[in-house]
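Reading the structure
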Amino acid sequence: MKKGILVLVLAMVAGVAAFYFMRSHQIEASRGALLDNMPELEWIRSDLKLSDSQFAKVTELHAAYRPQCVAMCGRILEAHQRLDRAAQSGGAVTAELKAAIANHVRIHADCQEAMIDHLYRTAALMDEEQAKRYMKKMLPYALDFSHSEPGGVHEH
């Protein structure tokens, strides 16, 4: 049951990330450049009280990470679909299903590693207190703890 919830949460996070990425990655027809406005980052500026210089660096890093994030979201979707097809195709755990499960886990691990690396790189652009607050807020999402409150994890 925990695996199912984890998969669901990861799928939702990937979907939301893809939605916001695609929405904020619109191309200006007249200039052919990415829109300067990144509303998904505004909370970082305001909550962490970043300087203009810090925010510019965070924005640049975020924009550079976007293509990797989109690619990972695509790989996750493909892995979900492959796993679903393999699970739906029979009444037993087949070699194909085992391979789909292993692929699914590997892709999620790759994505999680890339996301955590991006968080560390972003935090490195901040002062110690800002970085601490940023990681406290963001790391649970990357570690898949976003669906539970501290102390709210139940053992089965």
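So, a few notes on the structure that sits alongside this text. (Residues numbered from 1 in each chain as written. Predicted model: local features only at pLDDT ≥ 70, side-chain atom pairs only at ≥ 80, totals over all residues. Heavy atoms only, no water.)

This next bit is on the packing of aromatic side chains. Under the definition given, this model contains 1 aromatic pair. Between Trp 43 and Tyr 134, the ring centres sit 6.3 Å apart and the planes meet at 15 degrees, which makes this aromatic pair stacked. With a gap of 91 residues between them, Trp 43 in helix α2 (residues 42-48) and Tyr 134 in helix α5 (residues 128-142) connect regions that are remote in the sequence. Judged by relative accessible area, Trp 43 falls into the partly exposed class, the value being 23%. The side chain of Lys 137 reaches across the aromatic face of Trp 43, ending 5.0 Å from its centre. (Phe/Tyr/Trp six-rings, centres within 6.5 Å; stacked < 30°, edge-to-face > 60°. Helix = DSSP H or I, 4+ residues; strand = E, 2+ residues; numbered from the N terminus. Buried < 20%, exposed > 50% of the residue type's maximum accessible area, 1.4 Å probe, protein only. Lys NZ or Arg CZ within 6 Å of the ring centre and 35° of its normal.)

What follows concerns the pattern of salt bridges. If you walk through the whole model with that rule in mind, you get 6 salt bridges. Here Asp 110 makes a salt bridge to Arg 75, at a shortest N to O gap of 3.4 Å. Separated by 35 residues along the polypeptide, Asp 110 in helix α4 (residues 95-123) and Arg 75 in helix α3 (residues 52-88) bring together distant segments of the chain. Classification of Asp 110 as partly exposed rests on a relative accessible area of 30%. In this structure Arg 75 comes out as partly exposed when scored by relative accessible area, which is 31%. Its salt-bridge partner being Arg 121, residue Asp 117 comes within 2.8 Å of it at the nearest N-O pair. Taken together, the residues span about one helical turn, with Asp 117 and Arg 121 both in helix α4 at a distance of 4 residues. Judged by its relative accessible area of 37%, Asp 117 is partly exposed. (Salt bridge = Lys/Arg side-chain N within 4 Å of Asp/Glu carboxyl O.)

How two helices pack is summed up by the angle between their axes together with the distance between the axes. One can describe the packing of α4 onto α5 by two numbers: an axis separation of 10 Å at closest approach and a directional angle of 170 degrees. In terms of orientation, α4 and α5 fall into the roughly antiparallel class. Between α4 and α5, the contacting residues are Gln 112, Met 115, Ile 116, Leu 119, Tyr 120, Thr 122 and Ala 123 on the first element and Ala 131, Tyr 134, Met 135, Met 138, Leu 139 and Ala 142 on the second. Class assignment of the residues belonging to the contact of α4 with α5 gives a composition of 11 nonpolar, 2 polar and no charged. (Axes fitted to C-alpha atoms, helices over the stretch in contact; angles between N-to-C directions. Parallel < 35°, antiparallel > 145°, perpendicular 65-115°, else oblique. Contact = heavy atoms within 4.5 Å. Nonpolar A, V, L, I, M, F, W, Y, C, P; charged D, E, K, R; others polar.)

With that settled, the discussion passes to unusual backbone geometry. Residues other than glycine predominantly adopt negative phi, and peptide bonds predominantly adopt the trans conformation. Its identity is not glycine, yet Lys 49 carries a phi of approximately 55 degrees, on the positive side. Mapping Lys 49 onto the fold places it in the loop between α2 and α3.

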